[in-house]
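Residue-level listing of the chains:
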Amino acid sequence: MTIYISLVPLKMHMLILSIETSCDETSVALVRDGREVLSNIIASQIAKHSETGGVVPEVAAREHMKVIMPVLREAMKEAKVTWEDIDAIAVTKEPGLIGSLIVGRITAAVLAFAKDKPLLEVNHIHGHIYAPWLLAEGEPALALPLPEYPIIVLTVSGGHNELVLMEGPGQFKLLAETVDDAAGEAYDKVARLLGLGYPGGPAIEERAKMGNPKVFKFPIALPRGKNFSFSGLKTAVLYHLKENEDRLNDASFVNNTAAGFQEAIVDALVSKLMQAVRTQKVKEVHLTGGVSANRFLRRRIEEALGVLSDPPLFRVPKRMSYCTDNAAMIGAAAFYLR
Ligand code: KG4
Ligand code: ZN
């Protein structure tokens, strides 16, 4: 269990400038009171990394160096704020690619020093956890009542796969995690095998819509106990593709494989989530991280929760741009964990 102790004088109202550079998105945001997004500029390196079919850390760090200052300028301009308005600078501390993290961390530290503001360091996964707390740009705060504890949060991204129980402000209890690959990582690897490019998640979701999940059945990886595992599923897809090498140019074969794979991964996520929901009495269930952009996964969770006699409230990030890496979620986490 992690309990946060505040290092910054507690202020009711705070405008935070936040920076996220842990992987392949350079992002700067201005967030008021952990919820109101004044700007959330994201420079994605997807085009760069699709050339290599995945993120090359050295290339990612150099891209961050190139765009961090223009992104910062754009975020300040769009939010229409001055340095006097800003109460603190927040930045992703870890986990992530070290070269990428350093670009954001040093930029934030220099800004904090030069402008005499406190520096708040945020764990990247805590950032994802607070993404569903953000309002859509321009939305009144009344439109989104504050979440009520206890909350179960399923964070599914390219690097992380965690089920966390939030019992109160800043009180996180890890219920389950992956013993090998994260779900997003499995999407990316299978997409590469199918020749669908990077990032794999959105590509597989699109192809799966056109496929039949019953044609190819893949094993649902459910290790005993509460944890997740996706490497067996990935290997099963690899063998399936080896056996059918000559069919990779057949669109319906690719669509059916994508649908079968997605069915297996979503079944595993939903079944482990529901196992936790049944054993913990919670008020809300939140889904977050890059894979939370997946509409099929969202619908399957909604359906599973819908049959409960007293279903908890289900929340996902209000914007697709809050699902994948972005600085607004870092500004939200910094506010609630300060
Ligand atoms: O949160 P994120 O931007 O980065 C990490 O912290 O890892 O997540 C990126 C991951 C990638 O693996 C990407 O394929 C996956 O999220 N993703 C999706 C979808 N959109 C992004 N996976 C499934 N369906 C999607 N629509
Ligand atoms: Zn992330």
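Residues numbered from 1 in each chain as written. Chains lettered and ligands numbered in written order. Predicted model: local features only at pLDDT ≥ 70, side-chain atom pairs only at ≥ 80, totals over all residues. Heavy atoms only, no water.

So, the environment of E284
What counts here: Helix and strand assignments come from DSSP, with helices taken as H or I runs of at least 4 residues and strands as E runs of at least 2, each series counted from the N terminus. When a residue's accessible area, from a 1.4 Å probe over protein chains only, is under 20% of the maximum for its type it is buried; when over 50% it is exposed; and in between it is partly exposed. We call two residues in contact whenever any of their non-hydrogen atoms come within 4.5 Å of each other.
Structurally, the position occupied by E284 is in strand β9 (residues 284-288). The class for E284 is buried, based on a relative accessible area of 3%. Among all residues touching E284, those that are not within four sequence positions of it are L146, P147, E148, P150, I151, I152, P312, L313 and R315.

Digging into the coordination of the zinc ion (ligand 2)
Short version of the rule: Donor atoms: N, O and S within 2.8 Å of the metal, or within 3.2 Å for Na, K and Ca. Because water is excluded, sites can look incomplete. Angular criteria define each label, namely tetrahedral for four donors with all angles between 85 and 135 degrees, square planar for four and octahedral for six donors with opposite donors over 155 degrees apart and remaining angles between 65 and 115, and irregular for whatever fails these tests.
On the protein side, the zinc ion (ligand 2) has H124 (NE2), H128 (NE2) and D325 (OD) as donor atoms, found 2.0 to 2.1 Å from it. Because the angles between the four donor atoms bound to the zinc ion (ligand 2) fall within 97 to 131°, the donor set is best described as tetrahedral. Counting gaps between the donor residues of the zinc ion (ligand 2) yields the pattern H-x3-H-x196-D. Of the two residues, H128 is situated in helix α4 (residues 124-130) and D325 in the loop between β10 (313-315) and α10 (327-336); the sequence distance between them amounts to 197 residues. Of the two residues examined, H128 and D325, each falls in the buried class.

A word on the site of ligand 1
Threshold: Proximity is defined per residue: if any heavy atom of the residue lies within 4 Å of a molecule or strand, that residue is considered near it. Polar contact criterion, stated in full: a pair of N or O atoms within 3.5 Å, where within protein one must be able to donate a hydrogen and the other to accept it, and residues adjacent in sequence count only if both atoms are side-chain atoms. Only the protein chains shown count as cover for residues, and all accessible areas are computed by the Shrake-Rupley method using a 1.4 Å probe. We place a 1 Å grid over just the protein atoms. Points where a 1.4 Å probe fits but has no way out form a cavity, open points with protein on both sides within 12 Å along at least 5 of 7 lines form a pocket, and any residue with an atom within 4 Å of a point lines it. Should more than half of a molecule's atoms lie within 2 Å of a pocket's or cavity's grid points, that molecule is taken to sit in it.
Taken together, 21 residues lie around ligand 1, and G158, G159, D188, E205 and D325 are the ones closest in. In the environment of ligand 1, an oxygen atom lies 2.8 Å from a nitrogen or oxygen atom belonging to the backbone of G158. A distance of 3.0 Å is found between a nitrogen atom of ligand 1 and a side-chain nitrogen or oxygen belonging to N294. In the complex, the protein chains occlude 91% of the 550 Å² of accessible area that ligand 1 would expose alone. More than half of the atoms belonging to ligand 1 lie within 2 Å of the grid points that define the largest pocket. Secondary-structure elements contributing two or more residues to the shell around ligand 1 are α4, α5 (183-193) and α6 (200-209).

A few points about the packing of helix α8 (residues 251-279) against helix α9 (residues 295-306)
Worth spelling out the cut-off: Each axis is a line fitted through C-alpha atoms, taken for helices only over the stretch in contact, and angles between the N-to-C directions span 0 to 180 degrees. By convention the crossing between two helices is left-handed if the near helix lies anticlockwise of the far one by an angle smaller than a right angle, and right-handed if it lies clockwise.
At a minimum axis separation of 10 Å, α8 and α9 run at an interaxial angle of 35°. Pair α8 / α9 crosses with right-handed handedness. On the side of α8, the interface is formed by Q262, E263, V266, D267, L269, V270, L273, M274 and V277, while α9 contributes F296, L297, R300, I301, A304 and L305.

With respect to the sheet that holds strand β5 (residues 119-123)
Formally: Only when DSSP finds a minimum of two bridges between them are two strands counted as paired.
Pairing in this open sheet of five strands is mixed, and the strands run β3-β2-β1-β4-β5 from one edge to the other. Across the chains shown, the open sheet's two edge strands, defined by having one partner strand only, are β3 (36-44) and β5. When strand polarity is set aside, the average angle formed by the axes of neighbouring strands in this sheet is 20°. Sitting on the sheet, helix α3 (residues 98-115) is in contact with β1 (15-20), β4 (88-94) and β5, with an inclination near 155° to β4. Lying over the sheet, α10 contacts β1, β2 (25-32), β3, β4 and β5, oriented at roughly 130° with respect to β1.

Here's the deal with unusual backbone geometry
Note that the residue after E94, namely P95, is joined by a cis bond; omega there is -15°. Within the secondary structure, P95 is located in the loop between β4 and α3. Looking along the chain, the bond that leaves Y198 and enters P199 is cis, with omega of -5°. Within the secondary structure layout, P199 lies in the loop between α5 and α6. Not every positive phi belongs to a glycine, and D33 is a case in point at roughly 50°. Mapped onto the secondary structure, D33 falls in the loop between β2 and β3. In this model, K80 sits at a positive phi of 55°, which is unusual for a non-glycine residue. With respect to the element layout, K80 can be found in the loop between α2 (57-79) and β4. K80 sits in the exposed class, given a relative accessible area of 72%.

Section: the pattern of salt bridges
Side chains bearing opposite charge may pair, as long as their charged atoms lie close to each other. Just so we agree on the cut-off: The working definition used for a salt bridge is a side-chain nitrogen of Lys or Arg within 4 Å of a carboxyl oxygen of Asp or Glu.
One pass over the full model with this rule turns up 16 salt bridges. Residue E137 is joined to R319 by a salt bridge in which the shortest nitrogen-to-oxygen separation is 2.9 Å. Taken together, the positions of E137 in the loop between α4 and β6 (151-156) and R319 in the loop between β10 and α10 put the pair 182 residues apart, joining distant regions of the chain. Since its relative accessible area comes to 32%, E137 is described here as partly exposed.

These figures capture arrangement, not role.
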